[in-house]
Amino acid sequence: MASPTRPTVFTIPPHRAFADALATGILAQFGADRMAMARGTILVPNNRAGQAISEAFVRKADNGLLLPRLVAIGDPDLDERTGALLDPMEADAIPPAIDPLRRQFMLARLIQQERALAHEPVDMAEAMRLAGELGRVLDQLHVERVAPAQLREIDTGLLSSHWQKALDQLAVILVRWPESLAQIGHIDLADRRNRQLAAVADRWRAEPPPGFVIAAGISTTAPAVADVLRVVAFSPRGQVVLAGLDQTMPPEEWDEIAGNEEATPLESHPQFHLAQLLERMGVARGEISEWRWGGGEADSRAPRSKALSRAMVPPRFTVEWETMAAPARALAGVQALELATPAEEAQAVALALREALETPGKTAALVTPDRDLAKRVSALLERWGIAADDSAGKPLSATLPGTLMLALATAAVEAFAPAPLLTLLKHPLVTGSDERLAWLDKVRRLDLALRGPRPAPGLAGVADFLTAGDSRTQPVRTAAQAGWAQASALLAPVEQGFATGAPTLTHYLAVLREGLGALAGDAIWSGREGRQLADLIASLEDHAGEGPQDVQPHALPQLLRHLLDSVSMRPAQGGHPRLSIWGLLEAKLQSAQLMVLGGLNETVWPALPAPDPWLAPAIRKALGLPSLERRIGLSAHDLAGAMGAPDVLMTRARRDASAPAIASRFWLRLETMTGGLPRPELRYDLLARALDASAAPPQRSGRPAPSPPADERPRTISVTEVDGLNADPFAFYARKMLQLSSLDVVDAEPGPAWRGTLVHDALDKWAKEDDYAPDALPKQIAAALGSPGIHPLIRALWSPRFDEAARWIARTVAKDRAEGRAPLASERKGSIDLDGITLKGVADRIDRIGASGLAVVDYKTGIPPSKKQVAAGLALQLGLIALIAERGGFDGVKGTAEAFEYWSLGRETGKRNFGYRRSPVGGKDAIDPADFVVDTLRRFAEAADKWLTGTAPFTAKLHPDYAYDEFDHLMRLEEWQGRNG
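Residues numbered from 1 in each chain as written. Predicted model: local features only at pLDDT ≥ 70, side-chain atom pairs only at ≥ 80, totals over all residues. Heavy atoms only, no water.

Caption draft 1: Up close: the pattern of salt bridges. Under the counting rule described, the total for this entry stands at 51 salt bridges. The shortest N-O distance in the salt bridge between E253 and R310 comes to 2.6 Å. With E253 in helix α9 (residues 251-258) and R310 in helix α11 (residues 302-311), this pair connects stretches of sequence that are 57 residues apart. Residue E253 shares its accessibility class with R310, and that shared class is buried. Between D447 and R451 there is a salt bridge, with its nearest N and O atoms 2.8 Å apart. Residue D447 is classed as buried on the basis of its relative accessible area, which comes to 6%. A relative accessible area of 23% means that R451 is categorised as partly exposed. Taken together, the salt bridges that share partners define one network made up of D816, R821, R845, D847, E901 and R917. (Salt bridge = Lys/Arg side-chain N within 4 Å of Asp/Glu carboxyl O. Helix = DSSP H or I, 4+ residues; strand = E, 2+ residues; numbered from the N terminus. Buried < 20%, exposed > 50% of the residue type's maximum accessible area, 1.4 Å probe, protein only.)

Here you go:
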């Protein structure tokens with residue numbers, strides 16, 4: 001059969017479902033002969049498109065059918081290889097392709113070496129990231145058939161020094177890279193794909209296949225692909241079927257998109273890649289015919305395709321929108337919906353999809369590049385029992401095995417600090433057996449014990465931390481020791497492995513592999529996700545020796561996340577048969593009766609072009625590589641293809657998680673041309689807001705004020721609780737009567753409680769063991785901070801200020817003693833009865849002054865209460881200690897309180913040194929010292945009469961400025977006070 005003189009090229013417009021129209025046409029041409037169908041070949045862009053076309057044949061066939069061979073030409077964006085049919089039969093005809101992971105390791109080593117020579121060292125994680133980007137550059141050079149030697153010919157005079165350095169390093173690496181490949185007898189995957197396609201083109205040009213060959217939906221502009229398509233187009237039994245080629249666009253607009261010697265091509269236009277493909281095929285747009293099958297009702301949407309074409313015209317032609325007739329600008333069947341937030345958008349999309357499923361037989365799909373939106377919609381549909389699998393899948397790093405590996409690596413690198421340690425021990429796969437509940441009980445006890453400042457690093461630091469502590473914390477820590485013994489036994493080999501051995505990735509991977517097995521058993525390697533992790537680790541261990549050496553442990557979690565992110569776990573089949581969620585790649589050549597196009601905001605659809613760290617835009621242009629804006633045009637073409645469905649709903653949120661969002665340029669074009677996109681008749685936005693809204697309008701709650709009977713109220717109170725009772729009675733009620741207490745944050749900054757406990761213990765030891773010897777206090781402070789359970793960083797931060805304050809205290813006490821003032825008691829417990837109420841407290845220090853006078857000292861690690869606060873009766877602690885002392889509540893202490901002092905270890909306002917003392921009485925607008933104890937007793941009696949022996953309600957936040965926020969969530973503060981107070 002002679003080859004045709006005119007190419008056989010067709011296009012299927014967007015308003016027809018590509019796969020169904022293609023299957024209909026092929027069956028109409030060849031379906032009468034089953035063997036002709038079986039001998040046929042359909043070239044598809046990737047395996048996903050092949051699956052869509054295969055399903056279309058099943059839908060269209062009336063009875064049994066022998067399908068043609070569906071062969072993928074391989075999609076570089078998906079790391080897909082070419083189908084077996086395109087691989088030459090001769091085993092040694094083309095060298096094998098290098099494994100992508102092995103290539104990344106080898107390139108990373110070259111990058112590290114070149115950066116080291118340039119005195120710009122990078123760690124392994126950064127080297128692997130750059131190697132991934134470099135691999136993409138290599139693939140683009142191969143795909144576009146650009147010789148690396150051309151890099152040497154580029155004029156870099158106008159480039160910044162940054163790009164010049166990057167280009168110099170790239171040129172050197174690309175010279176060394178072929179040598180590295182030759183040594184192992186491999187070639188790049190893109191290079192091998194080019195050679196395969198070139199061999200196929202030569203073979204089919206000399207001897208066309210016996211059956212029909214149809215290239216369907218291929219839009220890749222690679223020269224090797226274009227050569228194959230040209231051969232197919234001019235073959236006797238060949239056809240090329242394009243998707244969405246615009247045949248209605250005027251020639252002058254088409255020429256502007258394609259570019260010429262005088263004009264730059266418009267790569268951001270949705271038709272540019274098709275224009276370039278036709279040019280490389282040597283086919284004119286006028287030689288292309290419309291695929292005549294699969295029309296019918298779909299052709300009623302042809303005006304919409306024409307309107308879409310006019311909406312996407314080059315900028316200087318948009319002036320014609322003003323003169324277009326209203327019917328020509330209409331997008332019948334297309335509706336748009338703007339929502340307030342991403343959460344509301346997801347809810348509205350879920351409602352639209354659910355409504356579509358109420359119609360028997362109707363199919364629906366969400367198409368979006370926004371992975372967060374896809375996950376939200378999938379989760380929201382589950383509330384109605386609808387399983388909608390996100391076909392884009394999820395990275396291995398988000399699976400249980402992947403998160404456990406990252407958690408173990410992070411905990412080991414951070415020396416088992418509390419936060420990553422507890423994240424690791426609480427992981428669902430750790431001891432996920434019959435012992436799981438017992439294990440979780442032990443981990444919860446450990447969680448309670450590790451709250452507060454970080455302990456010393458390492459497993460030994462945690463063990464020391466659990467054996468130390470004061471009377472308040474020691475019971476909790478003791479309860480956690482048994483569980484810690486079991487956990488540390490599991491983790492000890494990992495800690496030992498990270499501390500010893502060669503600092504290579506292979507060594508660390510072996511340590512992590514063994515650690516994962518010890519923590520999770522066989523569960524870590526079971527299931528699809530576990531097997532995928534096992535395969536990845538095996539591949540890493542095989543090739544890590546060819547990558548960078550001397551791995552820095554701190555870079556390991558970032559490196560592992562990068563590697564785990566590169567592996568996508570796609571869901572198994574099993575979702576709703578009429579519902580799909582697709583990314584842009586998954587949606588190619590797919591169709592549904594309702595297409596919801598979600599996330600139509602700038603930076604989402606279209607996404608921001610990913611920056612290239614190796615090639616400046618000017619260099620890419622000089623080499624003839626696709627510009628970074630090419631992706632915008634492909635995104636626009638994806639949008640146009642998806643808008644061919646019978647019903648289309650476009651959605652966007654007016655803001656993202658952090659700021660207002662800008663509508664997609666595609667949305668704005670369509671809205672401007674049409675004069676406004678119509679909303680759907682069923683207001684999904686209103687339904688979304690009402691779905692979880694309360695039936696009654698929100699009402700501000702009343703201020704909490706519980707009022708238990710008088711006989712149930714406490715009759716014992718400490719001096720430290722009185723101030724809280726006056727400032728926030730509800731907090732006192734929660735703490736004292738409900739027996740509630742807040743937990744410290746894990747890995748918290750050293751707070752007032754920690755600082756106070758440490759300093760008070762050291763000062764007490766100084767008094768009782770050293771009798772206030774001036775040189776002994778700094779040693780006591782140093783010994784307290786030197787406890788093995790305290791993290792070295794905390795010690796380094798607090799030692800200087802505590803040491804300076806301790807020396808001030810020692811000097812001041814020595815000076816006072818020289819002047820006749822004698823310390824009398826330290827950390828002395830005492831109590832008295834006042835009208836049926838037991839008042840108890842601990843005196844930090846009481847000194848004897850004169851014959852019978854007392855000086856009451858309260859140590860503070862921060863800012864002490866002001867005179868104004870004391871005069872207002874909101875800081876009674878110091879006066880109450882004096883009251884107990886005067887009434888003989890402290891053993892061995894008798895006399896009249898004459899001096900009242902705060903000794904602060906902090907820095908006084910306007911001063912540079914740490915340590916000062918201040919009296920809250922005396923002076924203008926302050927309480928007279930002689931009246932202080934009497935006034936304190938009066939205020940205490942008032943508080944006791946109201947809340948302890950009386951029936952006054954425990955009202956929340958009486959004095960908010962002096963109340964803590966410990967129980968704000970319990971009192972539901974914002975519900976009655978409002979967000980702004």
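Caption draft 2: Representation of the nonpolar core. Judged by nonpolar contacts, the single largest core of 91 residues is most densely connected at L491, L505, W614, L615 and L623. Sorting elements by how many residues they give to this core places helix α5 (residues 124-143) first, with 10 residues. Setting aside residues up to four positions removed in sequence, L505 forms contacts with F105, M124, A544, V551, L556 and L559. Counting residues in each nonpolar core, the second largest holds 46 residues, with L854, V870, L880 and W947 among its members. (Core = buried A, V, L, I, M, F, W, Y, C linked by side-chain atoms within 4.5 Å. Contact = heavy atoms within 4.5 Å.)

Caption draft 3: Broad picture of the pairing of strand β20 (residues 896-907). Among the 12 residues in β20, nine count as buried, and that is most of the element. Bridging between strand β19 (residues 853-860) and β20 involves eight bridges; their strand directions are parallel. Among the inter-strand pairings, K860 is bridged to a residue of β20, identified as S904. Bridge analysis of β20 against strand β21 (residues 914-918) gives four bridges, and the strand direction is antiparallel. If you follow Y902 over to β21, its bridge partner there is R918. A loop of six residues connects β20 with β21, the two strands running antiparallel in sequence, and G910 in this loop sits at a positive phi of about 85°. (Pairing = 2+ DSSP bridges.)

Caption draft 4: Summary view of unusual backbone geometry. The omega torsion across W605 and P606 is 10°, close enough to zero to call that bond cis. Secondary-structure assignment places P606 in the loop between β13 (594-597) and α24 (617-623). Notably, A415 is not glycine yet its phi reads approximately 55°, a positive angle. Here A415 falls in the partly exposed class, since its relative accessible area comes to 24%. At T603, a position not held by glycine, the phi torsion is positive, near 75°. Along the polypeptide, T603 turns up in the loop between β13 and α24. The exposure class of T603 is partly exposed, given its relative accessible area of 47%.

Caption draft 5: Region of the structure containing the packing of aromatic side chains. In total, this model carries 12 aromatic pairs according to the counting rule given. Both rings, one in F900 and one in F932, keep their centres 4.8 Å apart while their planes meet at 75°; by these two values the pair is edge-to-face. Of this pair, F900 sits in strand β20 while F932 is found in helix α35 (residues 929-948), placing the two residues 32 residues apart along the sequence. Like F932, F900 is buried. Members of the aromatic cluster, joined through ring pairs, are F730, F732, Y733 and F954. (Phe/Tyr/Trp six-rings, centres within 6.5 Å; stacked < 30°, edge-to-face > 60°.)

Caption draft 6: Examining helix α30 (residues 752-770) more closely. With 19 residues, α30 should reach 27 Å at 1.5 Å per residue; the first-to-last C-alpha distance of 26 Å fits that figure. All buried positions along α30 are accounted for by W754, R755, G756, L758, V759, H760, A762, L763, D764, W766 and A767. With its phi angle positive at about 50°, D771 sits one or two positions after the end of α30. (Expected span 1.5 Å × (residues − 1).)

Caption draft 7: Broad picture of the sheet that holds strand β14 (residues 647-653). Spatially, β7-β14-β13-β8-β12 is the arrangement adopted by the five strands of the open sheet, whose pairing is parallel. Both edges of this open sheet fall to β7 (334-339) and β12 (579-582), since each of them pairs with a single strand only. On average, each strand axis in the sheet is tilted by 15° relative to the strand beside it, whichever way the strands run. Pairing of β7 with β14, which is carried by six bridges, proceeds in the parallel orientation. Residue pairing for β14: A336 is matched across the bridge by M650. This element, helix α26 (residues 665-674), spans β7 and β14 of the sheet and lies at about 120° to β14. (Axes fitted to C-alpha atoms, helices over the stretch in contact; angles between N-to-C directions.)

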